[in-house]
4 protein chains.
Amino acid sequence: MSVKADEESVLGTAPEDWDYGRTGIWLIGARGSVATTAVIGLAAIASRLVKPVGCVTEQDTFHGACLPDYADFVVGGHDISGVSMVKRAEKLADAGMVPGHLVESVRAQLLEADGRVCSGYDPAGTAESQADAASRLSSDIVAFKETNGLRRVIVLDVASTEAPLDQLAEYHDIDLLKSALEDPARSVLPASSVAAYAAVLAGSPYICFTPSTALNVPALYELAGAFRVPTAGQDGKTGQTWLRSVLAPALAARGLEVLSWAGTNLLGGGDGATLADSRAVSAKLLSKNRGLHELTGGAVIPLHIDNVPDLGETKVAWDHIHVEGFLGSRLTIQTTWSAYDSMLAAPMILDLARLMTLADAAGETGHVGAFGFFFKDPWGSEEHSFAQQTHNLAEWALVASGRLLSDTGREQL
Amino acid sequence: MSVKADEESVLGTAPEDWDYGRTGIWLIGARGSVATTAVIGLAAIASRLVKPVGCVTEQDTFHGACLPDYADFVVGGHDISGVSMVKRAEKLADAGMVPGHLVESVRAQLLEADGRVCSGYDPAGTAESQADAASRLSSDIVAFKETNGLRRVIVLDVASTEAPLDQLAEYHDIDLLKSALEDPARSVLPASSVAAYAAVLAGSPYICFTPSTALNVPALYELAGAFRVPTAGQDGKTGQTWLRSVLAPALAARGLEVLSWAGTNLLGGGDGATLADSRAVSAKLLSKNRGLHELTGGAVIPLHIDNVPDLGETKVAWDHIHVEGFLGSRLTIQTTWSAYDSMLAAPMILDLARLMTLADAAGETGHVGAFGFFFKDPWGSEEHSFAQQTHNLAEWALVASGRLLSDTGREQL
Amino acid sequence: MSVKADEESVLGTAPEDWDYGRTGIWLIGARGSVATTAVIGLAAIASRLVKPVGCVTEQDTFHGACLPDYADFVVGGHDISGVSMVKRAEKLADAGMVPGHLVESVRAQLLEADGRVCSGYDPAGTAESQADAASRLSSDIVAFKETNGLRRVIVLDVASTEAPLDQLAEYHDIDLLKSALEDPARSVLPASSVAAYAAVLAGSPYICFTPSTALNVPALYELAGAFRVPTAGQDGKTGQTWLRSVLAPALAARGLEVLSWAGTNLLGGGDGATLADSRAVSAKLLSKNRGLHELTGGAVIPLHIDNVPDLGETKVAWDHIHVEGFLGSRLTIQTTWSAYDSMLAAPMILDLARLMTLADAAGETGHVGAFGFFFKDPWGSEEHSFAQQTHNLAEWALVASGRLLSDTGREQL
Amino acid sequence: MSVKADEESVLGTAPEDWDYGRTGIWLIGARGSVATTAVIGLAAIASRLVKPVGCVTEQDTFHGACLPDYADFVVGGHDISGVSMVKRAEKLADAGMVPGHLVESVRAQLLEADGRVCSGYDPAGTAESQADAASRLSSDIVAFKETNGLRRVIVLDVASTEAPLDQLAEYHDIDLLKSALEDPARSVLPASSVAAYAAVLAGSPYICFTPSTALNVPALYELAGAFRVPTAGQDGKTGQTWLRSVLAPALAARGLEVLSWAGTNLLGGGDGATLADSRAVSAKLLSKNRGLHELTGGAVIPLHIDNVPDLGETKVAWDHIHVEGFLGSRLTIQTTWSAYDSMLAAPMILDLARLMTLADAAGETGHVGAFGFFFKDPWGSEEHSFAQQTHNLAEWALVASGRLLSDTGREQL
Ligand SMILES: NC(=O)c1ccc[n+]([C@@H]2O[C@H](COP(=O)([O-])OP(=O)(O)OC[C@H]3O[C@@H](n4cnc5c(N)ncnc54)[C@H](O)[C@@H]3O)[C@@H](O)[C@H]2O)c1
Ligand SMILES: NC(=O)c1ccc[n+]([C@@H]2O[C@H](COP(=O)([O-])OP(=O)(O)OC[C@H]3O[C@@H](n4cnc5c(N)ncnc54)[C@H](O)[C@@H]3O)[C@@H](O)[C@H]2O)c1
Ligand SMILES: NC(=O)c1ccc[n+]([C@@H]2O[C@H](COP(=O)([O-])OP(=O)(O)OC[C@H]3O[C@@H](n4cnc5c(N)ncnc54)[C@H](O)[C@@H]3O)[C@@H](O)[C@H]2O)c1
Ligand SMILES: NC(=O)c1ccc[n+]([C@@H]2O[C@H](COP(=O)([O-])OP(=O)(O)OC[C@H]3O[C@@H](n4cnc5c(N)ncnc54)[C@H](O)[C@@H]3O)[C@@H](O)[C@H]2O)c1
Ligand code: NA
Ligand code: NA
């Protein structure tokens, strides 16, 4: 933190003054619940209708960081659904999640953003090769950037969770992969990977908020690496998994040994329906449990996700933690979590957009490990403890801001 | 942590090798549940019957610290109860808290420790002046030290919780206090303060694990200060309050605002019976809520403690946390905690004894703020976040060990 | 149930056809949360906008009972607040409790009902004697009946909970009480008792949904008895207490012995604010625990109610039940209840109005014990088991309907 | 209940005086946790070491029923495990479930009972035809009866849960089934069915406490019917399912509509290990959910059972109940259940043995529907409401006792 203090004195300028120009946020899954809530929130915060409660970057520890203003973001995206953001927002209001009057207040901005939504890539029933699809998606992003006079576009994947991947030889060989991509008869990559590829082709920083495959194809990641953009992921750590990453390290700090950590999730909404598919849910379960496995060093950790449509947008999660303490004694902790899931994710979308703008400006490339704070399955980091991640993120923001201000960032090149 | 690395290379000696000689642990309330459990555990760990699960000082982050061996501790203490440690241990075994075979295995050590328990100070029905009482208690400690060839004696208050104090002029004026102490007709100080005073008179480091008044009398603290011993407190942070100090900062780190945090505690055992007294419980409630008040910045925090004798040694605590998130949305977290209370406290007693031995050897005097890790109401520190306290404690241990090894400690004088 | 079958065959007429004419519902506390919700619901059900979910009298077991139609009720009442039902309804909608569009749909009916609300009796700052007050209130009820062409008026107390009463000689001596009532300088009775007295003076069946004193003044009850109206109470059993009256008898049926049953309630809203007063809360606590005391035969039953304003209209209740089973083993059950409190009370108001109409028509006078189903502290019954109460209520309804149809009811006299 | 009163006056004899002689309890799975706990309890109650807490037949409502004394039971059984009851009892004591001193006190009785345990039927690796196996098992029961001078033997299945069955033609055709049973090369029936068949062959009343197939093979049930013994089942309703059968009817009685009822079970022990097998667990899940399905009329009811070995003999169950109330409002109830599972089952084993003795003596044959009180999946009854079952069971006991006393029972023939 002394970094920050020094800079101010040296430069005689408040870091917040950095001029990023206008920045684009490109949402893959732009008409989904998380995306729509983020757009409502962005508009409401930019118009000062609400305070940015739930935004990490508003905390004191980020006061010295150079972050773009909410009002300087422009939103667009891809989706494969024809239900507009406005319709979706109305549904969310009916479900009691978003206040109806707020939707009314930002209806214009929702309409505007929805007008910038292009057709996503849907592997089902398309004739185009994946190479063509990626280049089409990429052009959409570039066009968005140019039309709106944006200095950069942050691409964020908030589309439906996909099933996990079977292994193919193409995933480990760039040349094999490339030719498979050219073949219109094949759908070698899942949609999330095509979309991620399109982002890097467009030179855009890319963030994966879902547990889908995305860049987790070695050959694709190699390919993407050549474009030298910053990337971050994976799978937003918003609820139960977050709570676990808070509690598990604290138990460990006291020398208490977790024997088992059993959990259940109940959720409805779009995400609930998607996860009712046993293949999609398995991707999510793996992603949710990875951190806990690390943090507890191999406790028994059964976990379930149930689609309970009547819960609507609410997610309820129960955890039962069985711990060994002094002289073989046992301790149990139970937690029940109940929240509108998208309300936890949406402010993180805004935080990630702001921080990724800084990362890009400050010249980061590849996985930004410090963004592990936001993810169940952090790319570029082995750290799962939330307290440590909190520390790391704030430190990164100040160091990156320092680098930006001292002219070593990409911005000034 | 580089501190530690440097030292090793410079000194060419493993810090763990530091020779503390034999150290005394003097327990005020030596025949209580926490004390007895700590003595059982100390004996069992020293005899390698059990692993030191639940001991903070066994964690990796303390590997470089100079801490005394469990086997080098000798236990004595004060109590006003005639029920021996062995009897108490048997009761704890019957209640299912301590395994019966463990009590059998350490029966000899319990008998030995109990043989060193002297009559505590009981304000009810005594003719001695408090000055005389303090000097008697102090002599007990000094005799314990000499008889057993101890290099130092750590005094730990684990006696029953007292009612909070009404204010008196004597508490703010050393001379007034001194003459009140001489007056056999008066009981100006509560028992915990007399005991604390006796500890410092004996030149012993003093730790207050209870919410009782102890050194919280300004004039007494001033008096105690002259004896230049390290002190730490107050009120062990073992269960619900600990969990709160883990969760509250994590919520804050995400920009989520706690609106209310309501809690209930159910407990039986000796502590339950004591807290059934509405005056004693008010001391505990104040102490329990202070940290949460700081951490949440003024949320509504109703809290109850109920004496539920059928729960025996088990403590059950329920918390309901109501949080405001993005766009005015609400999040609720409930936690239920169930544990044998003394099983959480006892390993901390061992940790504190070890760390206070280091503190004393390394020349600390006055409140050791870094020990706030262990306390609901930390002396010498405003920090309540458990993650931050974890960091501070480990760092303190390494720095103090470094100081000790580089001959600046009191030990070598 | 054979009663019913017989009747139908004998009388050749569906009991549901009984013509009650128009019935009045007079709500004491008409602008409160429970009252307003009941009025919204009555209007919405009568207009077939919603189904009568939550109404007991809609269950199969009541199919043979003679009950008035929702559309035949007319609402009026007393209150001391100037905030209209419409305003209150809008607040409830803002709090997310009632759907906003529903309030819009029944706005006309709310306005109409609110137009029939008269000034209640407020002991604070009034010059009228309580005898005068009772007669004024009584006239309001009679005027309501005549103006609206009602055959009978059911009076329901849903006003704020009062503090419990200190004992006075007047409470046990009709003559003393009468003269105290005449004295304008005295407020011998609490407001709820004045209101209850007014109801019986008006010849109205009276129901006490609150834990306030009401008819629990022996001399007043004697006085009231002379008017030979049916009465029922007391304190709606809607949430935690209801759950207890379901679980406790079931545990007993299995020979399991409750050792302790500890509970906590968190609530905001008007009722929360009222109960923040330590005197009002003590009435409620007594009332809540009476049944459990009976059902468990003397277990330890600590109970708390906290005012947590941020919870708004939501009530959250936690119970921890500690049970002894086979061979001294222990079982614990925890329950957490979360609901909009008034949403549970309001349908009971409609049920009670319907059933009391039947009771009155069928010639019941004095406490109708079978209505204990609805109450924490049943008048005229010692039964607290919900299963038994369910059976009793349905049976009563059929028997009373049979009586009504066989011309023995008051109606035909 | 008048039945009972009448009888007493008519017969001039206390019903409790009925002389059943000595009765056998034959446990299939005699060395399991439930069986061993039941035997410990039977011995301890008969020797008046403990009170029969948890025994339904000790409740007031059974005071007029004719039931055998605990001291008149003799225990034997089948098992395929070589670990003796005494060893099992010691393990249960080590696990903290049974008090160690109790095991010591009844060691002689455990040894005696274990001495009467014969080899059960294990389909894996046996050369005998199932007809031979059934006749061998049957002879064991008959020999037990004769050797011990028993008037009747109640057979109770408390063996490990089996996987559910695939359908075969043999299950619907007695002749096909018979010839398959003769064929040593085939294992057409699961072990539970062979054991049940052996019981009826021996003329013994048979009770199925497990969710295994047992008599649920139409052709077998037909075959068994010829032997005219009373039968009861299936799958002991001890914990979560019991709680559901208490709560669901109570919600229905208030007109509240269950939208979803999601549950999770965590358990260790022998039963936990068995249910870790995904085929065995599916039998249990079906059986557990059947009643709830009936009671809620088709709510969403996801349910999980996890094997969590560190929980030992403890079962923890969490339920989340989402309910629709008045005007579309929502109510949630959560329950957490924690208990030693076998401690809930064992007293039911004793109750069932006593009640089945009465049933047999009173001439019942086929499924005794009134015993549905004890079962998740009641045979011979569609009733799942626990309150109704409680009523039915007590009534049955009195009526059957009346029949017995008026000489219409089988006993006197
Ligand atoms: N707390 C949270 O809400 C949270 C936390 C972590 C991760 N996530 C993840 O965020 C994602 C979005 O969640 P949601 O609740 O908004 O789901 P949602 O179902 O409401 O929205 C998903 C959107 O993605 C669109 N989509 C599907 N396939 C697409 C494709 N090939 N290209 C473009 N768009 C496509 C859908 O049409 C839909 O509009 C999910 O993967 C979820 O697992 C959410
Ligand atoms: N998790 C925990 O167990 C925990 C956490 C924080 C604080 N504490 C505090 O630790 C203390 C001990 O708890 P416990 O469960 O062991 O209680 P306990 O009642 O079992 O033991 C207290 C002992 O103190 C003795 N005592 C009372 N007055 C004394 C005096 N004037 N001088 C000497 N001895 C005296 C009593 O005789 C008794 O043996 C309590 O103040 C409690 O609030 C415990
Ligand atoms: N589930 C439930 O909601 C529930 C259950 C049991 C009992 N109750 C009882 O029902 C009552 C009403 O609850 P609420 O939530 O509607 O409370 P509320 O505070 O919203 O409403 C109470 C109303 O009573 C009015 N009032 C106060 N004193 C009065 C007087 N002397 N004469 C006439 N009116 C008066 C107030 O002005 C207010 O409008 C309370 O006593 C509560 O304890 C409610
Ligand atoms: N609360 C409860 O404990 C409860 C409730 C309902 C049902 N049940 C059922 O009761 C049964 C027993 O539970 P448990 O906890 O005692 O299990 P357990 O695993 O401790 O005991 C099962 C016993 O059955 C024996 N066995 C297995 N196959 C056999 C065979 N073919 N013939 C004879 N014996 C055989 C095993 O060797 C073992 O001794 C299970 O099916 C369980 O699902 C238990
Ligand atoms: Na990682
Ligand atoms: Na009563």
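All of these numbers come straight from a predicted model, not from anything done at the bench.

1. Side note on the relation of the copies chain B and chain A
- With an RMSD of 0.0 Å, chain B superimposes on chain A once it is rotated by 180° and translated 0.0 Å along the axis. When the rotation and shift are considered jointly, the pair of chain copies conforms to a two-fold rotation axis. Of every C-alpha in chain B, the one belonging to B:T335 sits nearest the axis of rotation, 2.2 Å from it.
- Interface overlap between copies is the fraction of interface residues in one copy that are interface residues in the other; for chain B against chain A it reaches 100%, indicating a shared surface.

2. Thoughts on the coordination of the sodium ion (ligand 5)
- Coordination sphere of the sodium ion (ligand 5), protein contribution only: A:P378 (O) and A:S381 (O), at 2.3 to 2.4 Å. Across the pair, A:S381 and A:P378 agree in class, each one buried.

3. Considerations on the sheet that holds strand β5 (residues 206-208) of chain C
Residue and element names in this part refer to chain C.
- Sheet architecture is open: seven strands sit in the order β3-β2-β1-β4-β5-β6-β11, paired in parallel fashion. One side of each edge strand has no neighbouring strand; the edge strands of this open sheet are β3 (117-119) and β11 (366-367).
- The pairing of strand β1 (residues 23-28) with strand β2 (residues 73-79) spans six bridges and is parallel. Opposite I28, over in β2, you have H78 as the bridge partner.

4. Topic: the site of ligand 1
Residues and elements named next belong to chain A.
- Residues in close proximity to ligand 1 total 30 residues, the closest being V34, D79, R88, A159 and K284.
- Measuring from an oxygen atom of ligand 1, one finds a backbone N or O atom of S33 at 2.9 Å.
- At 2.6 Å from an oxygen atom of ligand 1 is found a side-chain nitrogen or oxygen belonging to D79.
- Protein chains shield 91% of the accessible area of ligand 1, which is 850 Å² for the free molecule.
- Mapped by element, the contributors of at least two residues to the shell around ligand 1 are α2 (33-46), β2 (73-79), α11 (269-275) and α13 (341-361).
- If one sorts the elements of the shell around ligand 1 by residue count, α13 sits on top with three residues.
- In the shell around ligand 1, the residues fall into ten nonpolar, twelve polar and eight charged.

5. Some remarks on the site of ligand 2
Residue and element names in this part refer to chain B.
- Around ligand 2 there are 30 residues in total, and V34, D79, R88, A159 and K284 lie nearest to it.
- At 3.2 Å, a backbone N or O of G32 approaches an oxygen atom of ligand 2.
- Note that an oxygen atom of ligand 2 is positioned 2.6 Å from one of the side-chain N or O atoms of D79.
- Burial of ligand 2 by the surrounding chains reaches 91%, relative to a free accessible area of 850 Å².
- Here the element with the most residues in the shell around ligand 2 is helix α13 (residues 341-361); it accounts for three residues.
- Both domain 1 (2-236 + 343-412) and domain 2 (240-340) contribute no fewer than three residues apiece to the shell around ligand 2.

6. What to know about the domain arrangement of chain A
All names here are of chain A.
- Domain parsing of chain A yields domain 1 (2-236 + 343-405) and domain 2 (240-341).
- Domain 1 and domain 2 are separated by 26 Å when their C-alpha centres are compared.
- With 21 residues of domain 1 at the interface, the matching set in domain 2 holds 25 residues.
- Of the roughly 2000 Å² buried between domain 1 and domain 2 on both sides combined, carbon and sulfur atoms contribute 58%.
- Counting the contacts that link domain 1 with domain 2 gives one salt bridge.
- Of the charged contacts, one joins R290 and D377 as a salt bridge, the two residues approaching to 2.0 Å between their closest N and O atoms.
- Listed by contribution, the elements that provide at least two residues to the side of domain 1 that touches domain 2 are α3 (85-94) and α13.

7. Here's the deal with the UniProt feature "domain: Myo-inositol-1-phosphate synthase GAPDH-like" (unreviewed entry) in chain A
- Under the UniProt annotation, "domain: Myo-inositol-1-phosphate synthase GAPDH-like" (unreviewed entry) lies at residues 239-342 of chain A.
- Its end C-alpha atoms 10 Å apart, residues 239-342 of chain A is made of 40% helix and 37% strand.

8. Some thoughts on the environment of D:T241
All names here are of chain D.
- Tracing the backbone through its elements, the reader meets T241 in helix α10 (residues 240-253).
- For T241 and F375, which are 134 residues apart along the polypeptide, the C-alpha to C-alpha distance reads 9.1 Å.
- Residue contacts for T241: discarding those within four places in its chain leaves K288 and K376.

9. What about the pairing of strand β10 (residues 330-340) of chain B?
- Sheet topology note: the strand β10 (residues 330-340) of chain A/β10(B) ladder contains nine bridges and is antiparallel. Bridge assignment links A:Q334 to a residue of β10(B), and that residue is B:T336.
- Bridging between strand β9 (residues 314-324) of chain B and β10(B) involves eleven bridges; their strand directions are antiparallel. Considered in β10(B), the bridge of B:V316 is made with B:S338.

What counts as what
Residues numbered from 1 in each chain as written. Chains lettered and ligands numbered in written order. Predicted model: local features only at pLDDT ≥ 70, side-chain atom pairs only at ≥ 80, totals over all residues. Heavy atoms only, no water. Least-squares fit on C-alpha atoms with pLDDT ≥ 70 in both. Contact = heavy atoms within 4.5 Å. Donors = N, O, S within 2.8 Å, 3.2 Å for Na, K, Ca; no water. Buried < 20%, exposed > 50% of the residue type's maximum accessible area, 1.4 Å probe, protein only. Pairing = 2+ DSSP bridges. Helix = DSSP H or I, 4+ residues; strand = E, 2+ residues; numbered from the N terminus. Near = heavy atom within 4 Å. Polar contact = N/O pair within 3.5 Å; in protein donor to acceptor, adjacent residues only side chain to side chain. Areas by Shrake-Rupley, 256 points an atom, 1.4 Å probe, with all protein chains shown as cover. Nonpolar A, V, L, I, M, F, W, Y, C, P; charged D, E, K, R; others polar. Domains from an automatic or database assignment. Buried area = accessible area lost by both parts, 1.4 Å probe. Salt bridge = Lys/Arg side-chain N within 4 Å of Asp/Glu carboxyl O. UniProt positions renumbered as here; feature names shortened; annotations may be inferred.

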